[in-house]
Amino acid sequence: MKHFSNASMFDRAVLAVAPMRGLSRIQAKAKAAILMNYDAAGNGRRVKGWKSPGTDADASSMAGRATLRQRSRDLIRNAPFAKRAQMVVTNNVVGAGIAPTITGTNKKAAQDAADVILPFLQSVELDAHRAMNFATMQSVVCNSLFESGEVLALRRTRPASDGATLPLAVEILEIDHLNSTIMGWGANEVRDGIEYNDQGIATHYHIYEQHPGAASRRRTLRTHRVPASDVLHIRRIDRPGQMRGVPWLAPVMLTLGEMRDYQEAQILKQKISALLAGVVEAGDGGVPEGASGLDALSPGSLVYTEAGQKVSFTTPPRVDDYNVVMRLGLWAVAMGIGITGESLSGDLSGVNFSSMRAGRLEMDKNIETWQEQILISQFCAGVGRWALEAYRLTKPGLRPLQMAWTAQRRALVDPTKEIPAIIKKVEAGLSSLSREQRAMGLDPDTVARERAEDLARNPAPVDGAVDETKKGKAA
């Protein structure tokens, strides 16, 4: 009994009469005592109403995922700071477009492929609807990723009679196209429109032919079972086993909604504060003909009352603390998204080079992460793989080729200070010229080729020779 020395007399009595029940009581009390070491693990007044379900990544958002998408889209349509946040993320992640480069052991084969594939990606031939080129697709994917948390890209095969450069088309679909009503397909489980085999690997996507909310008169809910090899499912993965994404505004959605309400309330309050009007009490002669009554009360007006009427006005409210509340709210939203408060609000007052650069360092890391781990690895690499496979269909026996991707240059805060630092880093052997060129959004091969072309057009003078142009000017 020494192991139960801390048990109460009642627990010991229960233990003597019903050993299993007594043991469970003592074990439950021991676990509760352990939990009480953390205030956040308790059940007291301070954590009353705190919901913390023990669900996996996808189950935690399953019930509210559609509502989150709809509210996120509404905020982006109607709340200026939500739209601004989406623009900041897309403009920094995509910019003018993440550029592809084709490489391989055979330089001539790589160049031949580049001459065909790169112009194809730059044209609207790539788009199944002939509306976007690859750079525009990247922006649309990033916008949808921010707004809905996930987006789909489908591979369509074009027949030879289509006359396209490559037998490939890519269609971008909103995640609403996933049919979440299907629960199984044969021995495979289907969850949220994604079909899994017995190893938990996604094998097919069940996709509506049309958007469920389409305005088409011929709207249909016909569903197609598409192999996973023909689908790119782009989303941010935050937890192990996560297959579905949530809108990036989810952590700050309530804050943005309250800020929008607060802003409207302050605007109304400002209108009321401007309501300065004069009320004239009529004399024995009554109200002058054509004079305005109380129903015409407006800022700066003079209205009349009937004889004997008295009107009392409350003091118009003052509009205070608006800047402080909005600033703190915007900074909280920016932190929740992963961007700087300056980029969200557009307010650069009170910042200098050091503070601006320090704030940008963290945001730049987020941008690089989103570029490499989401847009490039999940979308660009997938489309590049499809393009190379389509090109190989036209070139049987072609040796393997690869695609490298160069993101757009990050905007320099102060080029006069940052470029010399980059040059010194390369000269000291701390980095390579190619690496720094790629970090600035430049393709090293393109830069080398253009420099050689410039040198061919304008050859440097031979050592000791006199530049005839300068000689003529001097004369």
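First things first, this report covers the structure right here in the doc.

Analysis parameters
Residues numbered from 1 in each chain as written. Predicted model: local features only at pLDDT ≥ 70, side-chain atom pairs only at ≥ 80, totals over all residues. Heavy atoms only, no water. Pairing = 2+ DSSP bridges. Helix = DSSP H or I, 4+ residues; strand = E, 2+ residues; numbered from the N terminus. Core = buried A, V, L, I, M, F, W, Y, C linked by side-chain atoms within 4.5 Å. Buried < 20%, exposed > 50% of the residue type's maximum accessible area, 1.4 Å probe, protein only. Contact = heavy atoms within 4.5 Å. Axes fitted to C-alpha atoms, helices over the stretch in contact; angles between N-to-C directions. Parallel < 35°, antiparallel > 145°, perpendicular 65-115°, else oblique. Left-handed = near helix turned anticlockwise from the far one by under 90°. Nonpolar A, V, L, I, M, F, W, Y, C, P; charged D, E, K, R; others polar. Lys, Arg positive; Asp, Glu negative; His and termini not counted. Salt bridge = Lys/Arg side-chain N within 4 Å of Asp/Glu carboxyl O.

Judged by pairing direction, the sheet is antiparallel, and its five strands sit side by side in the order E4-E5-E6-E7-E8 without closing on themselves. Lying at the two open borders of the sheet, with one neighbouring strand each, are strand E4 (184-185) and strand E8 (223-227). Where strand E5 (residues 188-191) and strand E6 (residues 194-196) come together, three bridges link them in antiparallel fashion. From the neighbouring strand, Arg 191 faces E6, where its bridge partner is Ile 194.

Before going further, it helps to examine the nonpolar core. Ile 117, Leu 249 and Phe 379 are the most contacted members of the largest nonpolar core, which has 64 residues in total. With 14 residues, the top contributor of residues to this core is helix H11 (residues 353-394). Here Leu 249 is in contact with Ser 72, Leu 75, Ile 76, Ala 82, Phe 146, Leu 256 and Ile 337, once residues within four sequence places are set aside. Core analysis: the second largest hydrophobic core is formed by 12 residues, Leu 152, Ile 194, Ile 207 and Met 243 among them.

Where helix H5 (residues 80-93) contacts helix H7 (residues 134-148), the two axes come as close as 9 Å, and the packing angle between them is 135°. With respect to H7, the axis of H5 lies oblique. Read as a crossing pair, H5 and H7 show a hand that is right-handed. Of the residues in H7, those touching H5 at Ala 82, Ala 85, Gln 86, Val 89, Thr 90 and Val 93 are Ser 139, Cys 142, Asn 143, Phe 146 and Glu 147. Taken together, the residues that form the contact of H5 with H7 break down as six nonpolar, four polar and one charged.

It is worth spelling out the side chain of Glu 342 at this point. Mapped onto the secondary structure, Glu 342 falls in helix H10 (residues 341-345). Summary of buried charges: Glu 342 has no salt-bridge partner, and the nearest side chain of opposite charge, Arg 327, is 5.5 Å away. Residue contacts for Glu 342: discarding those within four places in its chain leaves Trp 331, Asp 347, Leu 348 and Val 351.

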